[in-house]
Amino acid sequence: DGRLKVHFSERLVKLLRENRQLLAYGYAVPARIQHTANTAIKFYRHAIVLKQVANFYNSIDQQMLKCQQSMMLEAALKFEDLIKHPSKVVGMNVKTQKKNKDEKKQVQVTWDNPQVLETYISRIQQAAERITTDNRKLRSLHAAMCDKIANLMSIDLL
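Below, the structure is looked at part by part.

Criteria and thresholds
- Residues numbered from 1 in each chain as written.
- Predicted model: local features only at pLDDT ≥ 70, side-chain atom pairs only at ≥ 80, totals over all residues.
- Heavy atoms only, no water.
- Helix = DSSP H or I, 4+ residues; strand = E, 2+ residues; numbered from the N terminus.
- Expected span 1.5 Å × (residues − 1).
- Buried < 20%, exposed > 50% of the residue type's maximum accessible area, 1.4 Å probe, protein only.
- Axes fitted to C-alpha atoms, helices over the stretch in contact; angles between N-to-C directions.
- Parallel < 35°, antiparallel > 145°, perpendicular 65-115°, else oblique.
- Left-handed = near helix turned anticlockwise from the far one by under 90°.
- Contact = heavy atoms within 4.5 Å.
- Nonpolar A, V, L, I, M, F, W, Y, C, P; charged D, E, K, R; others polar.
- Core = buried A, V, L, I, M, F, W, Y, C linked by side-chain atoms within 4.5 Å.
- Salt bridge = Lys/Arg side-chain N within 4 Å of Asp/Glu carboxyl O.
- Patch = residues over 30% accessible without salt bridge, like charges linked within 9 Å, V, L, I, M, F, W, Y side chains within 5 Å.
- Areas by Shrake-Rupley, 256 points an atom, 1.4 Å probe, with all protein chains shown as cover.
- Phe/Tyr/Trp six-rings, centres within 6.5 Å; stacked < 30°, edge-to-face > 60°.

### Examining helix α4 (residues 114-153)
- Look at α4: 57 Å from first C-alpha to last across 40 residues, which is about the 58 Å you get at 1.5 Å a residue.
- Residues Val-116, Leu-117, Tyr-120, Ile-121, Ile-124, Ala-127, Ala-128, Ile-131, Thr-132, Asn-135 and Leu-138 constitute the buried set of α4.

Laid out in structure tokens, this is it:
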């Protein structure tokens, strides 16, 4: 459907929560579980940021004024290109899947390298911030122009 989805196991979130609670109560947590929880913590932070970026991507068209979308097109296309082609980020491990011959390829960014994932997240955050900043500027200018037009309409020409 063209929407971004971030998959991070809710079971890992539950493991993190329960591990934290057990440690707070003073229980000894086995080293293997502690190691898994520590690894999950590294990626949980990234999952939250990626979910925020996915939400931004999935709702950006609603945040832009229709009359200004063409002005934002280039930045939006660059952002979408970065999202759709994560392999352009150096070292990115990307899997492509094709469910059947009628569907488009599905690009998946994997979680196996935290440094590369951080680079990717940084890149898409910068692109999202650029779009947000540009959109805010355009909305501000649009509001200022509307105010000036409203003021012009109140001037008596006779």
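### Quick notes on the packing of helix α3 (residues 73-84) against α4
- At their nearest, the axes of α3 and α4 sit 9 Å apart, and the two run at 160 degrees to each other. In terms of orientation, α3 and α4 fall into the roughly antiparallel class. Of the two possible hands of crossing, α3 and α4 adopt the one that is left-handed. Counting all contacts with α3, which are made through Ala-75, Ala-76, Phe-79, Leu-82 and Ile-83, the residues of α4 involved are Tyr-120, Arg-123, Ile-124, Ala-127, Ala-128 and Ile-131.
- Its residues assigned to classes, the contact of α3 with α4 comprises ten nonpolar, no polar and one charged.

### Digging into the nonpolar core
- Ranked by internal contacts, the top residues of the largest apolar core, which has 23 residues, are Leu-50, Phe-56, Phe-79, Ile-83, Ile-124 and Ile-131.
- Excluding residues that lie within four positions of it along the chain, Phe-56 makes contacts with Gln-63, Phe-79, Ala-128, Ile-131 and Thr-132.

### Some points on the pattern of salt bridges
- Counting across every chain of the model gives four salt bridges.
- As a salt-bridge pair, Glu-118 and Arg-45 come within 4.0 Å of each other at their nearest N and O atoms. Taken together, the residues Glu-118 in helix α4 and Arg-45 in helix α2 (residues 31-63) connect sequence positions 73 residues apart.
- Of the charged contacts in the structure, one is a salt bridge between Glu-74 and Lys-78, with a shortest N-O distance of 3.6 Å. Of this pair, Glu-74 and Lys-78 both sit in helix α3, four residues apart, roughly one helical turn. For the pair formed by Glu-74 and Lys-78, the shared burial category is exposed.

### A short note on a nonpolar patch on the surface
- A cluster of nonpolar side chains, contributed by Leu-22, Tyr-25 and Tyr-27, occupies part of the molecular surface with about 390 Å² of accessible area.
- On the secondary structure map, Tyr-25 appears in the loop between α1 (10-24) and α2.
- Assessed through its relative accessible area of 65%, Tyr-25 is described here as exposed.

### Side note on the packing of aromatic side chains
- Summed over all chains, the structure comprises two aromatic pairs.
- Arranged with centres 5.5 Å apart and planes meeting at 85 degrees, the rings of Phe-56 and Phe-79 form a pair that is edge-to-face. Highlighted residues: Phe-56 in helix α2 and Phe-79 in helix α3, separated in sequence by 23 residues.
- On the basis of relative accessible area, Phe-79 is assigned to the buried category, the value being 3%.

Note that every value here comes from positions in space, so none of it alone points to a role or purpose.
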